[in-house]
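# Structural features, examined
Here is how the chains run, residue by residue.
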Amino acid sequence: MSMISNYKNAGLSMGTMILGWDKNGPNIYYVDSEGSRIKIKIISVGSGCLFAYSILDSGYNWFTRINEAIDLGRNAIVQAALNDPYSGGYNNLYLVRSNGWIKIFSKRIFK
């Protein structure tokens with residue numbers, strides 16, 4: 001977080017997801033340009049986040065199976081990139097578990 005705080009008031013705008021696993025289980029944090037850190041349960045960041053949220057909200061519940069969650073995440077990323085004029089490029093989807101992460105999806109999305 002201190003690295004992000006070094007850029008405070010530099011005129012940059014960013015929204016970052018930080019994911020991980022500790023002794024208490026999985027954690028997701030949103031970190032903004034000012035270095036503020038907010039612990040949350042579900043997140044989408046970036047200019048296409050509203051498109052992604054529309055997909056996530058329509059299909060997610062706390063009992064979603066892993067393969068369904070992966071498909072939902074992939075669909076949310078692709079739809080955000082296709083519908084937002086500022087999204088796209090390389091998009092990646094990772095599954096974060098207690099023993100590490102697995103890269104599930106990596107695709108360059110063109111408009």
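Residues numbered from 1 in each chain as written. Predicted model: local features only at pLDDT ≥ 70, side-chain atom pairs only at ≥ 80, totals over all residues. Heavy atoms only, no water.

Within the protein one finds three helices and five strands. When the helices and strands of the protein are listed from N to C terminus, the series reads α-β-β-β-α-α-β-β. Referenced to the eigenvectors of the C-alpha coordinate spread, the extents of the protein come out at roughly 40 × 40 × 25 Å. Looking at the protein residue by residue over its 111 residues, the buried ones come to 27%. Taking contacts inside the protein between residues at least 6 apart in sequence as the whole, the part at least 24 apart equals 35%. Here the protein has roughly 8000 Å² of accessible surface; of this, 53% comes from carbon and sulfur atoms. Across the protein, the centroid of the 12 positively charged side chains sits 7 Å from that of the 7 negatively charged ones. (Helix = DSSP H or I, 4+ residues; strand = E, 2+ residues; numbered from the N terminus. Buried < 20%, exposed > 50% of the residue type's maximum accessible area, 1.4 Å probe, protein only. Contact = heavy atoms within 4.5 Å. Areas by Shrake-Rupley, 256 points an atom, 1.4 Å probe, with all protein chains shown as cover. Lys, Arg positive; Asp, Glu negative; His and termini not counted. Charge placed at Lys NZ, Arg CZ, Asp CG, Glu CD.)

Below, the discussion takes up the sheet that holds strand E2 (residues 25–32). Judged by pairing direction, the sheet is antiparallel, and its three strands sit side by side in the order E1-E2-E3 without closing on themselves. At either margin of the open sheet sits one strand with a lone partner, and together these are strand E1 (15–22) and strand E3 (37–40). Between one strand and the next, the sheet's axes are offset by a mean angle of 30 degrees, whatever the strand orientation. By the bridge criterion, four bridges tie E2 to E3 in an arrangement that is antiparallel. (Pairing = 2+ DSSP bridges. Axes fitted to C-alpha atoms, helices over the stretch in contact; angles between N-to-C directions.)

We now examine the environment of Tyr86. Note on placement: Tyr86 falls in the loop between helix H3 (66–83) and strand E4 (89–97). Tyr86 gets classed as exposed once you look at its relative accessible area, which sits at 71%. Distance in space between the C-alpha atoms of Tyr86 and Ala69 is 25 Å, their sequence separation being 17 residues.

Averaged over all residues, the pLDDT of the protein is 86; the fraction at 70 or higher stands at 96%. Least confident of the elements in the protein is helix H1 (residues 2–5), whose mean pLDDT is 68; most confident is helix H2 (residues 49–59), at 92. (pLDDT = per-residue confidence, 0-100.)

Here we take up a nonpolar patch on the surface. A cluster of nonpolar side chains, Met17, Leu19, Trp21, Tyr94, Val96 and Trp101, forms an exposed patch at the surface whose accessible area comes to about 620 Å². Take Trp101: it is sitting in strand E5 (residues 100–109). Trp101 gets classed as exposed once you look at its relative accessible area, which sits at 58%. (Patch = residues over 30% accessible without salt bridge, like charges linked within 9 Å, V, L, I, M, F, W, Y side chains within 5 Å. Salt bridge = Lys/Arg side-chain N within 4 Å of Asp/Glu carboxyl O.)

Moving on: the packing of aromatic side chains. Counted by the stated rule, this structure contains two aromatic pairs. Ring centres of Tyr60 and Trp62 lie 5.3 Å apart, and the angle between their planes is 85 degrees; this geometry places the pair in the edge-to-face category. Under the relative-accessibility criterion, Tyr60 is labelled partly exposed at 31%. Given the relative accessible area of 57%, Trp62 is considered exposed. Stacked on the ring of Tyr29, the Lys or Arg Arg37 has its end atom at 5.7 Å from the ring centre. (Phe/Tyr/Trp six-rings, centres within 6.5 Å; stacked < 30°, edge-to-face > 60°. Lys NZ or Arg CZ within 6 Å of the ring centre and 35° of its normal.)

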